[in-house]
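# Examining the three-dimensional arrangement
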Amino acid sequence: MTTHSFTSIYGEHQDIKRAIHLAKQFTKHEHPVLITGEIGTGKTLFAQEIANAAALNVSLTHIYCPILDEGVIQKAFTEKTSQILYLDEIAALSIPMQHQVIRFLDTSPATKVIASSSLSIEALRVSSTFLPELFYRLNVLHLAIPALAERKTDIPVLTNAFFQGLNMAPDIDPSVWDILQQYPFEGNVQELKNIVHYAAAILEGQTVFLHHLPPFVLTPLSPDVKGKKEEHQLTLMEKQEFIFLLEAIKSLNEKGEAASRRILSELSKQGDIPLTPQQVRSRLDDLEKKAYVTKGKGRAGTKITLEGLSFLKSLDGYIPVQ
């Protein structure tokens, strides 16, 4: 038997560590393994890792149950080569096909079966469309994969691992970590991976900022109705000044350059909205009070926040494009 470290599964949270430990233990036995977990938690990845660690020269036959036809399952059940059967989303099988799986389990004890479901173990047990006799045959070695919402401390570990998988190692602005911690991640680890791929596709500098995240990540924290009413009370000059400052800060952030009052003042004099360093300071104070920017000392400079990006986007509709 080979030893395998499950290196493709990342995380330091105790729940994912326990799942990995159990999965390793399960590789030592031929009993069926039933994996449960929400969509995107990595059930198929665990199944593949269990198969990799189980034995040499054994292939994993992946059967996606929601689109399964009788011919496919019959072929899998009669295959003579050494294999581990992975029945993905097994609760989607029709009742007749569930009976076929039961017969296969009874007549082919030498073939290891791994089944998975997005339903919880409790939901499977009481389901009116899932045969109890199949449930109790499969529920020998149960492996529950935790949702990402239950192990959010692993978000930095997973994010960095996904970037490394793309041969990238960018810096991550602290504001990005804050937003990712607040995001619900209904798509779990798969959704976080998608977010990383999106950021990687549009990243031009060495640092990932808020505006590198997909819009759907930012939407839940956009300004509420009260905040939008306040925006309508701004004068045209104030809107123009805020747009300039926020756009300039965003651009400097992306380039990794400090957005200091002096630099912002110098940039303003190149356009139609000249501002003295004192005026810039006053405007930045206003923006900071509204949580649209955060002001740092020295090279940290000023940084635009998620709320600032949403505010900037809303202002674009009120200012004619010149």
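Before going into details, it helps to say that this report is about the structure given with it. (Residues numbered from 1 in each chain as written. Predicted model: local features only at pLDDT ≥ 70, side-chain atom pairs only at ≥ 80, totals over all residues. Heavy atoms only, no water.)

## Brief notes about unusual backbone geometry
Just so we agree on the cut-off: By the criteria applied, helices consist of DSSP H or I runs no shorter than four residues and strands consist of E runs no shorter than two, each listed in order from the N terminus. Exposure classes here rest on a 1.4 Å probe applied to the protein chains alone. A residue is buried below 20% of its type maximum, exposed above 50%, and partly exposed in between.
Phi at Glu 89 is positive, roughly 55 degrees, even though this residue is not glycine. By secondary structure assignment, the location of Glu 89 is in the loop between strand E3 (83-88) and helix H4 (95-107). Classification of Glu 89 as buried rests on a relative accessible area of 18%. Of note in this structure, Ala 291 is not a glycine but carries a positive phi near 65 degrees.

## Brief notes about the sheet that holds strand E1 (residues 33-36)
Just so we agree on the cut-off: Note on pairing: two strands pair once DSSP finds at least 2 bridges between them. Every angle, taken between N-to-C directions, lies between 0 and 180 degrees, and every axis is a line fitted to C-alpha atoms, over only the stretch in contact when it is a helix.
The sheet built from 5 strands is open, its strands ordered E2-E3-E4-E1-E5 with parallel pairing. The open sheet terminates on both sides in strands that have one partner only, identified here as strand E2 (59-64) and strand E5 (141-144). Adjacent strand axes in the sheet meet at a mean angle of 20 degrees when their direction is disregarded. Strand direction decides the pairing type here: E1 and E5, joined by 4 bridges, are parallel. The partner of Thr 36 across the bridge, within E5, is Ala 144.

## Description of the pattern of salt bridges
Opposite charge on two side chains lets them pair, provided their charged atoms get close. Where we set the bar: Counted as salt bridges are all cases of a side-chain nitrogen of Lys or Arg within 4 Å of a carboxyl oxygen of Asp or Glu.
Throughout the structure, instances matching the rule amount to 8 salt bridges. With a shortest N-O distance of 2.3 Å, Asp 285 and Lys 295 are connected by a salt bridge. Note that Asp 285 is positioned in helix H14 (residues 277-289) and Lys 295 in strand E8 (residues 293-295), a separation of 10 residues in sequence. For Asp 285, a relative accessible area of 27% translates into the label partly exposed. Taking the relative accessible area as the measure of exposure, Lys 295 reaches 36% and is therefore partly exposed. A salt bridge links Glu 288 to Lys 295, with the nearest nitrogen and oxygen atoms 3.6 Å apart. When its relative accessible area of 33% is taken as the criterion, Glu 288 is described as partly exposed.

## Describing helix H9 (residues 188-202)
Note the cut-off: The length a helix should cover is 1.5 Å for every residue beyond the first. By definition in these notes, contact holds between two residues if any of their heavy atoms fall within 4.5 Å.
Its 15 residues give H9 an end-to-end C-alpha distance of 22 Å, which sits within 8% of 21 Å, the value for a rise of 1.5 Å per residue. Taken together, the buried residues of H9 touch helix H7 (155-165), helix H8 (174-182), strand E7 (207-208) and helix H10 (215-218).

## So, the packing of helix H12 (residues 236-255) against H14
Defined as follows: Each angle is binned into one of four classes, with values under 35 degrees roughly parallel, values over 145 roughly antiparallel, values of 65 to 115 roughly perpendicular, and all other values oblique. Classification used: nonpolar for Ala, Val, Leu, Ile, Met, Phe, Trp, Tyr, Cys and Pro, charged for Asp, Glu, Lys and Arg, polar for all others including Gly.
Relative orientation of the contacting elements H12 and H14 amounts to 85 degrees, with a least axis distance of 11 Å. Taken together, the axes of H12 and H14 lie roughly perpendicular to each other. Residues Glu 241, Phe 242, Leu 245, Leu 246 and Ile 249 of H12 form the contact with H14, whose own contacting residues are Val 280, Arg 283, Leu 284, Asp 286 and Leu 287. Of the residues in the contact of H12 with H14, the class split is 7 nonpolar, no polar and 3 charged.

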